[in-house]
Amino acid sequence: MKKVSVLFLFVFSAPVMALENPFFNGYENQIAFNFGYGTNHGFLISPPTQFVPYIMLQGQYSQPTTFFRLPARKSLNVIQNIGSGKKYGWYWNKYTIPIALLSEDIALFYGDDWYTFMGLGVGMQAQQNERIGSKLLFGFKIGAGYRLTECTAAEFFIQHFSNGNTAPENNSYAFYGLGFAYNF
């Protein structure tokens, strides 16, 4: 038990010692543009197989915050999903739907120019459909970022959206993506 307590303390207290938020590098605002390519899996972290003709375009505005003393960012996200064609039994053009999402990403481990993060969000899609079954969406995001310059960063992420079992239809939207963030 003592080893587990020491490991827990090390893992969750080490990031707290930083003086700056790794997402922002001392700045107070961030805008980001993210691009994602869809997968057909319903897993929380989708394997990189079964890619589908479904893309995500996401604009994001963020400000620094903390989550239990861990550096974090709170974000307002505007998302447009665009689908085309049929693959794996789904007509992806039916899911060309805008989404508004509030999210928070938490920096887990980071160094001078890199960081890893996990995020959660809640939002609404413009219309209900048979894939999700609800307008209400929950998001999960995991990723890593690298600071390119003092004000810019590039990120790689996996993004998952589902209804969180709030409706009978419980498939998901899942994306592998790249992002570009600018701090000011």
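Residues numbered from 1 in each chain as written. Predicted model: local features only at pLDDT ≥ 70, side-chain atom pairs only at ≥ 80, totals over all residues. Heavy atoms only, no water.

Enquirer: Could you clarify how one ought to interpret the sheet that holds strand E8 (residues 136-147) in this entry?
Expert: By definition, the strands of a sheet pair up through backbone hydrogen bonds, in either a parallel or an antiparallel sense. Read around the closed barrel, eight strands run E1-E2-E3-E6-E7-E8-E9-E10, paired in antiparallel fashion. Strand after strand, the sheet turns through a mean of 25 degrees between neighbouring axes, direction not considered. Bridge count for strand E7 (residues 114-125) against E8 is 11 bridges, and the pairing is antiparallel. Along E8, the bridge assignment pairs Met124 with Leu136. (Pairing = 2+ DSSP bridges. Helix = DSSP H or I, 4+ residues; strand = E, 2+ residues; numbered from the N terminus. Axes fitted to C-alpha atoms, helices over the stretch in contact; angles between N-to-C directions.)

Enquirer: What should I look at first to understand the nonpolar core in this one?
Expert: Generally speaking, soluble globular proteins have nonpolar side chains that are buried together. Core analysis: the biggest nonpolar cluster contains 23 residues, and Tyr54, Phe161 and Tyr173 have the highest contact counts within it. Of all the elements in the fold, those that place two or more residues in this core are strand E2 (51-67), strand E6 (98-110), E7, strand E9 (152-162) and strand E10 (172-183). The leading source of residues in this core is E6, at four residues. What Phe161 contacts, discounting residues up to four positions off in sequence, is Met56, Ile79, Leu101, Ile132, Phe138, Gly139, Ser172, Tyr173 and Phe175. (Core = buried A, V, L, I, M, F, W, Y, C linked by side-chain atoms within 4.5 Å. Buried < 20%, exposed > 50% of the residue type's maximum accessible area, 1.4 Å probe, protein only. Contact = heavy atoms within 4.5 Å.)

Enquirer: For this particular structure, what's the right way to read the environment of Ser172?
Expert: Its place among the elements puts Ser172 in strand E10. Looking at Ser172, the relative accessible area reads 1%, which means it is buried. In the structure, Ser172 is positioned 40 residues away from Ile132 in sequence and 6.1 Å away in space, judged by C-alpha atoms. Leave out the neighbours within four places in its chain, and Ser172 touches His41, Gly42, Arg131, Ile132, His160, Phe161 and Ser162. Reaching out from Ser172, the side chain makes a polar contact with the backbone oxygen of His41 at a distance of 3.3 Å. (Polar contact = N/O pair within 3.5 Å; in protein donor to acceptor, adjacent residues only side chain to side chain.)

Enquirer: Sorry if this is basic, but what is going on with empty space enclosed by the protein here?
Expert: Take a probe with the size of a water molecule and roll it over the atoms, and the empty space left behind shows itself. Tallying each qualifying case throughout the model produces one cavity of 30 Å³ or more. Here the largest cavity is characterised by a volume of approximately 70 Å³. Looking at the largest cavity, it is lined by 14 residues, and the ones nearest its centre are Leu101, Ser103, Asp105, Lys141 and Gln159. Broken down by secondary-structure element, the contributors of at least two residues to the lining of the largest cavity are E2, E6, E7 and E8. (1 Å grid on protein atoms, 1.4 Å probe; cavity = no way out; pocket = protein on both sides within 12 Å on 5 of 7 lines; lining within 4 Å. Points joined across faces, edges and corners; volume = space filled by probe spheres on them.)

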